[in-house]
Each structure stands twice: as structure tokens, then as C-alpha cells.
Amino acid sequence: MTSAAMKAPLARWAGRMLGATVLAALAAPALAAPVDLFYERTVMTAADARCRLFEPDLAVALLAAQVQARGAALRSGLDEAMVGGVEQRARAAAAQVACDAPDMAMVADRVRAAFESYAKLARMTYPGELADWRADRGTGRAARWRLAQNAASGWDRVIFGLAGRQGADGLMALGMFADGREPYSARLVMRDVRKTLGPYIDTREKDPKRRPALARRMPPDGAVVVYAAEARSPAGTDLLPKGARSGWAFRFPAEAAAAMARLDPREAVAVEFVFGGSRDEVRRVYIEVGDFAAGRAFLRTTR
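These remarks concern the structure in this document.

1. Brief notes about the sheet that holds strand S3 (residues 144-153)
In step 1: Spatially, 7 strands are ordered S1-S2-S3-S4-S5-S9-S8 in an open sheet, and the strand pairing comes out antiparallel. Sheet topology places strand S1 (123-126) and strand S8 (231-234) at the edges, where each strand pairs with a single neighbour. When strand polarity is set aside, the average angle formed by the axes of neighbouring strands in this sheet is 20°.
In step 2: Of the strand pairs in this sheet, S1 and strand S2 (residues 133-136) are connected by 4 bridges, and their pairing is antiparallel. Bridged to threonine 125 within S2 is arginine 134.

2. Overview of the environment of arginine 134
In step 1: Looking at the element boundaries, arginine 134 is found in strand S2.
In step 2: Taking the C-alpha atoms as reference, arginine 134 lies 9.5 Å from phenylalanine 292; in sequence the two are 158 residues apart.
In step 3: If near-sequence neighbours (up to four positions away) are discounted, arginine 134 is found in contact with Met124, Arg146, Leu147, Ala148, Gln149 and Asn150.
In step 4: A distance of 3.4 Å separates a polar atom in the side chain of arginine 134 from a polar atom in the side chain of asparagine 150.

3. Structural notes on the state of the cysteines
In step 1: Scanning all chains against the criterion turns up 1 disulfide.
In step 2: There is a disulfide in this structure between cysteine 51 and cysteine 99, and the S-S distance comes to 1.9 Å. Residues cysteine 51 and cysteine 99 are joined by a disulfide whose S-S torsion is about -75°; by sign, that bridge is left-handed. Highlighted residues: cysteine 51 in helix H4 (residues 34-51) and cysteine 99 in the loop between helix H6 (80-95) and helix H7 (102-118), separated in sequence by 48 residues.
In step 3: Accessibility expressed as a relative area gives 16% for cysteine 51, which makes it buried.

4. As for the layout of surface pockets
In step 1: What the largest pocket holds in volume is close to 310 Å³.
In step 2: Residue assignment for the lining of the largest pocket shows that the elements contributing at least two residues are helix H5 (56-75), helix H8 (254-261) and helix H9 (292-299).
In step 3: Of the residues that constitute the lining of the largest pocket, the class distribution is 12 nonpolar, 2 polar and 5 charged.

5. Examining the nonpolar core
In step 1: If you look at the biggest cluster of nonpolar residues, it comprises 66 residues, and the most contacted ones within it are Phe160, Leu188 and Phe273.
In step 2: Take this core: its biggest share by element is 9 residues, from H4.
In step 3: In this structure, Ala163, Met176, Ala244 and Ala249 belong to the second largest nonpolar core, which totals 12 residues.

6. So, unusual backbone geometry
In step 1: Positioned with a positive phi, arginine 52 is a non-glycine residue whose angle comes to about 55°.
In step 2: Relative to the helices and strands, arginine 52 is located in the loop between H4 and H5.

7. What about the pattern of salt bridges?
In step 1: One pass over the full model with this rule turns up 17 salt bridges.
In step 2: The salt bridge partner of glutamate 281 is arginine 181, with a shortest N-O separation of 2.3 Å. Here glutamate 281, found in strand S11 (residues 281-288), pairs with arginine 181, found in the loop between strand S5 (170-176) and strand S6 (185-191); they are 100 residues apart in sequence, far enough to count as distant.
In step 3: The exposure class assigned to arginine 181 is partly exposed, which follows from its relative accessible area of 30%.

Cut-offs and rules
Residues numbered from 1 in each chain as written. Predicted model: local features only at pLDDT ≥ 70, side-chain atom pairs only at ≥ 80, totals over all residues. Heavy atoms only, no water. Pairing = 2+ DSSP bridges. Helix = DSSP H or I, 4+ residues; strand = E, 2+ residues; numbered from the N terminus. Axes fitted to C-alpha atoms, helices over the stretch in contact; angles between N-to-C directions. Contact = heavy atoms within 4.5 Å. Polar contact = N/O pair within 3.5 Å; in protein donor to acceptor, adjacent residues only side chain to side chain. Disulfide = S-S within 2.5 Å. Buried < 20%, exposed > 50% of the residue type's maximum accessible area, 1.4 Å probe, protein only. 1 Å grid on protein atoms, 1.4 Å probe; cavity = no way out; pocket = protein on both sides within 12 Å on 5 of 7 lines; lining within 4 Å. Points joined across faces, edges and corners; volume = space filled by probe spheres on them. Nonpolar A, V, L, I, M, F, W, Y, C, P; charged D, E, K, R; others polar. Core = buried A, V, L, I, M, F, W, Y, C linked by side-chain atoms within 4.5 Å. Salt bridge = Lys/Arg side-chain N within 4 Å of Asp/Glu carboxyl O.

Okay, here's the thing in C-alpha cells:
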């Protein structure tokens, strides 16, 4: 697959490269062909890595945009090999333009100007096929959900994502159980990228609305990695949703967040809550990976 943007050198598409605003492109990747957005954003992140065009916050913002565009390209029907090919061509194109070239300076100026709007954003929503991620990089001393997705299993409700005070985001699952039971442990299950060549999803179905439910996007037992929660506590009112009276919060290791960020956006992970009794009872809820990586990068920029 070769689009017009991929055929054009930097000078030809510089005028429209994130031209309206980075903000619009970040918030709505469907406004342009996903493969074009991924190509263009990869060109600029590669150029910045080589030429140091931008301040750190802007560089992180562009990386978040590239990650989001990559997810959109995968969801549009491209497989990982095709996306990898697009990335290689984009990096090659960036390498062909001198760091001090007028075209490079023009594009860099446009990105800097557009970032003025992006830098003011405190919140972003990253739509998925079945669920959304809500990002909040607001300031303040109170703990909050910084990046969160809601899920449910029967009458049980779960919030999963990154939570904490500014600059201290832990990967957490908060369970609210209709029967009032208290889980004594929790674990996070996901595909082990070291043991697999790619996600276990049926890529033949191009319509996201007809793709399998999240439970069918999990790998087999022999291809997963399991992260046990490293802390458990009653959920504080700062993390409970409106109307909820109680819940149990579990914090997972930092490496679990990094591993989840490497997964395909079409995949799912599972949170398992373990209850005691004569026999352990496990309740499982599924989380769509979606743009978790892009939201995580968004939190790393400052306002």
C-alpha cells in the first residue's frame, strides 16, 4: 500500500503536514487516511530524533500522535508487517532531508505553532472499537484517574488504568462488587510479546463492529504473561466514581504498564480478581488495549 503522502518528498506535503493544527490531528485521526497520518507523524518524529528540532514536551507530544496514528492504521485493516513497511519508508524519507533544509524548518515551525493549542489541553478521550480511554493530565495534589477505561462483568464494575497524583501514575484496577465480597488478590493477564509473533485476533474481518468480543482477543494460556498485584487497599473516595460507596484497589508493577503499551491496540488484556473460600473464585473482566500507549505518552507532556 502506497499513498500519495508516502510518494511525496518532504517539500510536497510540508504545507499540509499537521498544517491546520496538531490538536485536530491528535484528537481525530480519522480526518485523514490513517496510513497517511502515521507516515507523516513518523517522518517528523524521525526527523526530530536526528535533528533535535523540538523541545522535549513537543517531542513527546509528537510521539503520542505517532503512536495513536499507528493504532488507527492497524484498526483500519493494515497488518503489522504493512505498518512496519510504512514506518521504514517514513524514516528513510526523513533521513533524506538535511536538518538545515528550508523545508525542514518550515514544517518544524508549523508544528511548534500548532503545539500552542495542544499544550493547553488537560484532557483527551481516545476512542476504541469497544471502549474509550480517558486521559487527564490536570494538576493538583489530589489523586485521580490519569488514564482510565470503564469495564463490567455482570453486575460488577471495574475501572482500570493509571492513577495517582501528578507525576506518580500507578497501573491500577478498582473493583466494585455487587455482592459486597472482598477479593484478596488480583492479577493482570496479557499476551507475552517475547513468546509470540503477533496478536491473536482475526484480521480478516475489516469492520470493527463485527470483530470478536474482547474475550476472544486473548491469547491461549501458553502465550500469556501474568502480573500479580503488588498492593491492595480499600479504594479512596478520590478514585471511586460518583455514586459508588466502596471498592477495592489493586496496584500492578510498573513493568506491566510498559508491557501493555507494546501490545496491538486491537487486543485485550484481562484483570482477574481472586476471592477466597472453600475454593478460590476468579472473576475476570476484559480491557481493550486501544490507545493506551498514546494516552500514556500524553500524560508525560506538561501543560
